[in-house]
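Next come the chains, spelled out residue by residue.
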Amino acid sequence: MTAHAAIDPLRTRPEGVAGMVADIITVAKRNIIRVFRTPELLVFSTIQPIMFVLLFNYVFGGAIPIPGVEYINFLIPGIIIQTATFGASNTAIGLTEDLQAGIVDRFRSLPMARSAVLAGRVLADTLRNLWVILLSVGIGYLIGFRFQAGFVSAVLAILIATLFAFAMSWVFAAMGLLTKTPEAAQAAVFVPIFPFTFASSAFVPTETMPGWLQAFAENQPVTAAINAMRYLVLGESEFLNLNSGQVVEALAWSLLIFGVFFYVAVRLYRRSSE
Amino acid sequence: MLAVEVEHIKKHYGEVRALDGVDLSIPLGGVYGLLGPNGAGKTTLVRILATLLKPTSGRARVLGVDVTEDPGAIRRRIGLAGQSAAVDELLTGRENLEMVGRLYGFDRVEALRRADDVLERIDLAEAANRTVKTYSGGMRRRLDLAASLVGHPELLIMDEPTTGLDPRSRQDLWDLIEELVEEGTTLLLTTQYLEEADRLARQLVVIDNGKVISRGTPNQLKAQLGGDVLELHLEDMGKIRLVLEQLEGLGSSPASVNDETGLISLTVGEDTGAVVEALRRLDQAAVKLRDLSLRKPTLDDVFLTLTGHAAEVSEPEPATGRRRRRKAKSGDRP
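Presented here is a report on the structure given in the accompanying data block. (Residues numbered from 1 in each chain as written. Chains lettered and ligands numbered in written order. Predicted model: local features only at pLDDT ≥ 70, side-chain atom pairs only at ≥ 80, totals over all residues. Heavy atoms only, no water.)

Once that is clear, we can look at the overall build of chain A. Within chain A, the regular secondary structure consists of 13 helices and zero strands. Taken from the N to the C terminus, the helices and strands of chain A come in the order α-α-α-α-α-α-α-α-α-α-α-α-α. Computed over C-alpha atoms, the radius of gyration of chain A comes to 20 Å, within 12% of the 19 Å expected from 2.2 N^0.38 for 274 residues, which places it in the range of a compact globule. The principal-axis extent of the C-alpha atoms belonging to chain A is close to 75 × 35 × 35 Å. Long-range contacts, defined here as pairs at least 24 residues apart, represent 77% of the contacts in chain A between residues at least 6 apart. Counting every atom, chain A has about 12,000 Å² of accessible surface; 70% of that belongs to carbon and sulfur. Side-chain charges of chain A comprise 17 positive and 16 negative groups, with the mean position of each set lying 12 Å from the other. (Helix = DSSP H or I, 4+ residues; strand = E, 2+ residues; numbered from the N terminus. Rg over C-alpha atoms; globule rule 2.2 N^0.38 Å. Contact = heavy atoms within 4.5 Å. Areas by Shrake-Rupley, 256 points an atom, 1.4 Å probe, with all protein chains shown as cover. Lys, Arg positive; Asp, Glu negative; His and termini not counted. Charge placed at Lys NZ, Arg CZ, Asp CG, Glu CD.)

What follows is the structure, encoded as C-alpha cells:
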C-alpha cells in the first residue's frame, strides 16, 4: 500500500522488547494522570494509611506489649504490607472500569504490545502504592517510628514492600479480568484481602492465635512479607523469630505470585478476544 | 485488493449464534453500510474485522490480510470508532490523541503534531486542553472519531457513530464522514438508521440474527420497501370501506387498514402525484380527515418487510411517523 508505506517511516517505535516498554510507559502515564485527576482516589489513598497508623498504634499499642520493641516499630511493617495489599486491589477495579468504558477495546484496536494494557496498569498502581508506602513511613516517623537496622536495610524494606505490592497487583489484575464489572470486582477483592491481611502477623504476634489459625497465618505470603520487612526494620530478634531467611522467603513468595498470576492474567486477557 | 472480504464467517457463543455464516466483500473507496437492529450481529462482525474478536469459523481478510494470521498488520492500517471503542474521560482531548499516536508507534513530537492536526479538523481545537468529561455527547463522538484518524487509516470502521446524537451533531458527523471519503478513505459503517445509511452509503448489507438478509444500493432496498407511505386517519371510521374504494388504483400496492388503530396506509413511493390524486378523490367524496401524514419508510418497515418482525430500536429515531416499539431482547455481544 502506498499510503501505508508513506506513513511508516514516522513510526519510530522500536520493535520487540523496547517497543513493548515504550507502550507500557505510555499506558502507565495515562493511568497516573488519571490518579491525579481523581481527587477522591488520591485523598482516600492518602488518608487510609494515616488513619491506620494512628488508629492501630493508639488502639492496640497499649494492649499488646512486645518485650524489647516499641509497638510502633512492630506495627509499621504490618500496616505497610496491609495497605499495599489494599492498594493493589485498585488494579482490579481500574481494569474493570477500562473494560466497561471501552478503553480496553480502543487499546486492542491499536498496533501496540498487547501486554502493555495490563503491565501499564500494574506499573501505575505500583507507583501509587510506593507513594502510599513512603507516606506511611513518614506518618510513622512523626509518632516515633524509626528504622533500627540502618539505611541499607531501610531501603531494602521499602523495596520488599513495593515488590510485594507489584506481585499483588497481578493477582488483582486476574481478578478484574474474571469479574469484568467494577461492582463485582469491588466485592470480590475483599474475599482474599481480609483473611490474608488480618490472619497474619500484621497487628499481633501469631503465637497469640489458636493453633489452626496460627498454622495458616505463619505460612502465607502476607505474613512472609511483613516478617521480612520487620526483620529489615528491627534487625534480628529471637523473641519475634525474625531472621534474614525471611527476606528470601518474602522474595520467593513475591516472585511466585507474580509468575503465576502474570500467566493467569495474560491468559484471561487473551481469552477475552475469543 | 478488496477492503474487506468475509467468507462464511461464524461466531458462536455456546448455543448463541451471533454470526451464522456471513459473506461480504467491500471494495476500496466509498462508504459501505451494515444495517440491522440491536442484536443482529453488526457489532460482532465489526469486532472481528477490527481484530478484537476471533471468529469461530470462516475467513475474514481486511486490506488483504487475514484477521487471524496477522492482526498487528491490520491494526496499523485501520481505525475503529463508535460504540466498540472509547476515549478516556479524565484525559484532555489532546492527551487522548497523543496517547493513541504514541501507541501507533509515533514519537512524541509526531504524535502531538497529528493530535493537533486532527483536533483542528474535527473542530475541537478550542476544547483540546479540557478533560473529556466536560465534553458534550457530540464532542465526545467527534473525539472518538479523531482517535481513529490519528493513524491515517486506509479503512475506517465506525460502529453506530451517531446513535444517541442530536440531529445537529449527527449532521456534523455526516459532513465529516463525507469529507473523509472524498479523500479516499474506505468506510465501513454500522447503523440502525435507514436515513443514515441512505445518506452516506453506496452499498448496503442488512443483517439480522447473524445472517445477511438483503443487500444492494439504498435505492434497491427502498424499492423493495415501496418507498414513502401516506397515512390517513379518518374522522368517521364508518367510511373506511368507501375510502379504500376511492383509493383503488393508486400507489404501488393496494391501501391497507390497521385493525387496531384504524389508520389507512398507502405506499406511494416517490410518486407525489398519487398523494395529490388521493386527496382530491377524498375531497370529492366528502371524506373528512382527522390527520394525515406522509412518512419515510423506517427501519421498522425494512425489518417488517424483510424479516416479518419489527426492529428493536432502543434509541429515539429522527424519522417521522409512528414507530412500533418492542422490548429489546439481548443486545449485541460485547
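From this point, the narrative continues.
This paragraph deals with the overall build of chain B. Scanning chain B from terminus to terminus reveals eleven helices and 14 strands. Across the 334 residues of chain B, 54% fall into the buried class. Carbon together with sulfur atoms contributes 47% to the accessible area of chain B, which is approximately 14,300 Å² in total. (Buried < 20%, exposed > 50% of the residue type's maximum accessible area, 1.4 Å probe, protein only.)

Turning our attention to the interface of chain B and chain A. Listed as interface residues are 43 residues of chain B and, on the opposing side, 31 residues of chain A. Summed over both sides, the interface between chain B and chain A buries roughly 3,300 Å², with carbon and sulfur atoms accounting for 56% of that surface. A per-residue breakdown of the area chain B buries against chain A is headed by Arg 75, Leu 90 and Leu 103 of chain B, which together make up 21% of the total. Scanning the region where chain B abuts chain A turns up six salt bridges. As a salt-bridge pair, Arg 34 of chain A and Asp 88 of chain B come within 2.5 Å of each other at their nearest N and O atoms. At the boundary of chain B with chain A, the tally comes to ten residue pairs in polar contact (both at pLDDT 80 or more). Secondary structure elements with two or more residues in the side of chain B that touches chain A: strand 1 (4-13), helix 2 (71-77), helix 3 (93-103), helix 4 (108-121) and helix 5 (137-149) of chain B. (Buried area = accessible area lost by both parts, 1.4 Å probe. Salt bridge = Lys/Arg side-chain N within 4 Å of Asp/Glu carboxyl O. Polar contact = N/O pair within 3.5 Å; in protein donor to acceptor, adjacent residues only side chain to side chain.)

To continue, consider the pairing of strand 1 of chain B. All names here are of chain B. Summarising the sheet, strand 1 and strand 4 (residues 57-62) pair through five bridges and their orientation is antiparallel. From the neighbouring strand, Glu 5 faces strand 4, where its bridge partner is Arg 61. When strand 1 meets strand 2 (residues 16-26), the two strands line up antiparallel, connected through eight bridges. Each bridged residue has a counterpart across the sheet, and for Lys 10 the counterpart in strand 2 is Asp 20. Between the antiparallel neighbours strand 1 and strand 2 lie two residues, among them Gly 14 with a positive phi of about 60 degrees. (Pairing = 2+ DSSP bridges.)

Residues and elements named next belong to chain B. An order of 6-7-8-3-9-10 is seen for the six strands of this open sheet, with the pairing classed as mixed. Because the sheet does not close on itself, it has two edges, and the strands there are strand 6 (78-82) and strand 10 (211-216). Strand after strand, the sheet turns through a mean of 20 degrees between neighbouring axes, direction not considered. In terms of strand pairing, strand 6 meets strand 7 (residues 155-159) through five bridges, oriented parallel. Its bridge partner being in strand 7, Leu 80 is matched across the sheet by Ile 157. Along the sheet, helix 5 contacts strand 6 and strand 7; its crossing angle with strand 6, the most-contacted strand, is approximately 170 degrees. (Axes fitted to C-alpha atoms, helices over the stretch in contact; angles between N-to-C directions.)

This part takes up the side chain of Asn 73 of chain A. Relative to the assigned elements, Asn 73 of chain A resides in helix 4 (residues 71-88). Ignoring any residue separated from it by four or fewer positions in sequence, one finds Asn 73 of chain A in contact with Gly 144, Phe 145, Arg 146, Gln 148, Val 233 and Leu 234 of chain A.

With that out of the way, let us pick up the packing of aromatic side chains. Any two aromatic rings considered together are summarised by their centre-to-centre distance and by the angle between their planes. Residues and elements named next belong to chain A. Scanning the model with the defined rule gives 21 aromatic pairs over all chains in all. Here the aromatic rings of Phe 52 and Phe 56 are separated by 5.6 Å at their centres, their planes lie at 80 degrees, and the arrangement is edge-to-face. Here the residue Phe 52 and the residue Phe 56 both occupy positions in helix 3 (residues 39-60), the gap between them amounting to four residues, near one helical turn. Owing to a relative accessible area of 12%, Phe 56 belongs among the buried residues under this scheme. (Phe/Tyr/Trp six-rings, centres within 6.5 Å; stacked < 30°, edge-to-face > 60°.)

Okay, helix 5 (residues 90-101) of chain A next. Compared with an ideal rise of 1.5 Å per residue, which puts twelve residues at 16 Å, helix 5 of chain A spans 16 Å between its outermost C-alpha atoms and is within 8% of the ideal. Looking at the residues trailing helix 5 of chain A, positive phi occurs at Gly 102 of chain A, about 90 degrees. (Expected span 1.5 Å × (residues − 1).)

With that out of the way, let us pick up the environment of Pro 71 of chain B. When you line up the elements, Pro 71 of chain B lands in helix 2. Overall, the relative accessible area of 23% leaves Pro 71 of chain B in the partly exposed class.

All names here are of chain A. Side chains of Val 43, Phe 44, Ile 47, Met 51, Leu 55 and Val 59 sit close together on the surface and give an oily, nonpolar patch of about 550 Å² of accessible area. Inspection of the secondary structure puts Met 51 in helix 3. The exposure class of Met 51 is partly exposed, given its relative accessible area of 39%. (Patch = residues over 30% accessible without salt bridge, like charges linked within 9 Å, V, L, I, M, F, W, Y side chains within 5 Å.)

Let us now look at the nonpolar core. With 69 residues, the main nonpolar core has Leu 97 and Leu 143 of chain B as its most contacted residues. Broken down by element, the residue count for this core peaks at six residues, all from helix 5 of chain B. Once residues within four sequence positions are removed from consideration, Leu 97 of chain B is found in contact with Ala 115, Val 118, Leu 119, Leu 143, Ala 146, Ala 147 and Val 150 of chain B. Within the second largest apolar cluster, 54 residues are counted, among which are Ile 66, Val 171, Ala 188 and Tyr 231 of chain A. (Core = buried A, V, L, I, M, F, W, Y, C linked by side-chain atoms within 4.5 Å.)

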